[in-house]
Amino acid sequence: MTDTRNIADDIALARRLADAAWAAIRPHFRNLNGVDHKSGTAKSGFDPVTEADRAAELAMRAIIAQERPADGVTGEEFPDTASQSGWRWYFDPIDGTRAFVGGLPVWTTLIALVDPEGVPVIGVIDQPVVGERYIGWPGGAEMETATGAMPIRVSGNPDLRTATIATTDPFIFTPPEQGAWNHLRATARITRYGLDAYAYARIAGGTLDLVAESGLKAWDVAALIPVVRGAGGIATNWRGEAPALGGQIVCAASEGILEQALLALRRAAD
């Protein structure tokens, strides 16, 4: 379906969206007036949302309404808008709101463009505090910094036993999922936590080798897949099948690591 779009133009627009999101977020980072509990959430405990989340999503929606009025929008903070073109933008203005509230620079803004068949075509993982923007598209990925853009590539590490792996929070896993994760943690060389979508950026950047998570929403997932795949990585569900826009996902730097991980993950697959 990409032949019906000018993907270069859409990538340029995605950059503008990320810039607009950061302009809306910047005044609030480490300077919040308050943190609200998101109403209607299915999550247990406190599910934070801030004025920065809402402002950034509104800023991006305004650009789409002006520049791509036929495209739909799905975002975390506001209701969906319809798509006349069949194409849809997915926004998570601050993925990792808990990190944002804590003043930690591991949250990201996620932007994705999904085609009419439901396949994510363009993904952006933007971490403006550290000045890193990861962009993926069919056949390529790059990291943009203040000094310019550079192509990125996964590590290609073939062995889980020498891998660095991550998940955001193992305590939100179900008991079967925790069992699968504990197997991966016991096998891998290094395990890290609390990185949210930034972990997927670092798979694409070649310094992490696997991330496995569950309970995700469409706006959590859509941007990750083009970035990881564009850098040569693999994204599947926990059965090794094409990932859905939500639920369980595993991304890996090689077929070897993925197959080793799936030995455990398949037992806890939805």
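Structure: above.
What counts, and where the lines are drawn
- Residues numbered from 1 in each chain as written.
- Predicted model: local features only at pLDDT ≥ 70, side-chain atom pairs only at ≥ 80, totals over all residues.
- Heavy atoms only, no water.
- Pairing = 2+ DSSP bridges.
- Helix = DSSP H or I, 4+ residues; strand = E, 2+ residues; numbered from the N terminus.
- Axes fitted to C-alpha atoms, helices over the stretch in contact; angles between N-to-C directions.
- Buried < 20%, exposed > 50% of the residue type's maximum accessible area, 1.4 Å probe, protein only.
- Contact = heavy atoms within 4.5 Å.
- Salt bridge = Lys/Arg side-chain N within 4 Å of Asp/Glu carboxyl O.

Q: So what's going on with the sheet that holds strand E13 (residues 234-236)? Residues and values would help.
A: On the basis of which strands lie adjacent, the open sheet formed by five strands has the order E11-E10-E12-E14-E13 and mixed pairing. Looking at the sheet topology across the chains shown, the edges are occupied by strand E11 (190-193) and E13. Strand after strand, the sheet turns through a mean of 15° between neighbouring axes, direction not considered. Where strand E10 (residues 164-167) lies against E11, four bridges are found, and the strand directions are parallel.

Q: Describe unusual backbone geometry, naming the residues involved and giving the relevant values.
A: Here Arg 30, not a glycine, exhibits a phi torsion of approximately 60°, which is positive. Structurally, Arg 30 is set in the loop between helix H1 (7-25) and strand E1 (36-37). The phi angle at Asp 196 is positive, at roughly 50°, despite the residue not being glycine. Inspection of the secondary structure puts Asp 196 in the loop between E11 and helix H5 (198-204).

Q: Could you give me a rundown of the pairing of strand E14 (residues 247-252), with the residues and numbers involved?
A: Here E14 lies mainly inside the structure; five of its six residues are buried. Across three bridges, the pairing between E13 and E14 is antiparallel. Across the sheet, Ile 234 pairs through a bridge with Ala 252, a residue of E14.

Q: I'd like a rundown of the sheet that holds strand E3 (residues 72-75), residues and numbers included.
A: In space, the seven strands of this open sheet follow the order E3-E4-E5-E6-E7-E8-E9, with mixed pairing throughout. The outermost strands of the open sheet, each flanked by one partner alone, are E3 and strand E9 (148-151). For this sheet, the mean inter-axis angle between neighbouring strands, taken without regard to orientation, is 15°.

Q: With reference to specific residues and values, describe the environment of Phe 100.
A: Here Phe 100 shows up in helix H3 (residues 97-101). In this structure the C-alpha to C-alpha distance between Phe 100 and Asp 53, which are 47 residues apart in sequence, comes to 9.8 Å. Every residue in contact with Phe 100, bar those within four places of it in the chain, is listed here: Ile 25, His 28, Phe 29, Leu 32, Thr 50, Ala 52, Ile 94 and Trp 107.

Q: Give a description of the pattern of salt bridges that names residues and reports values.
A: Think of it this way: side chains of opposite charge can pair up when their charged atoms draw near. Counted by the stated rule, this structure contains 10 salt bridges. As a salt-bridge pair, Asp 126 and Arg 133 come within 2.8 Å of each other at their nearest N and O atoms. No difference in accessibility class separates Asp 126 from Arg 133, as the two residues are buried. Through salt bridges with shared partners, a single ionic network connects Arg 5, Asp 10, Arg 68 and Asp 71.

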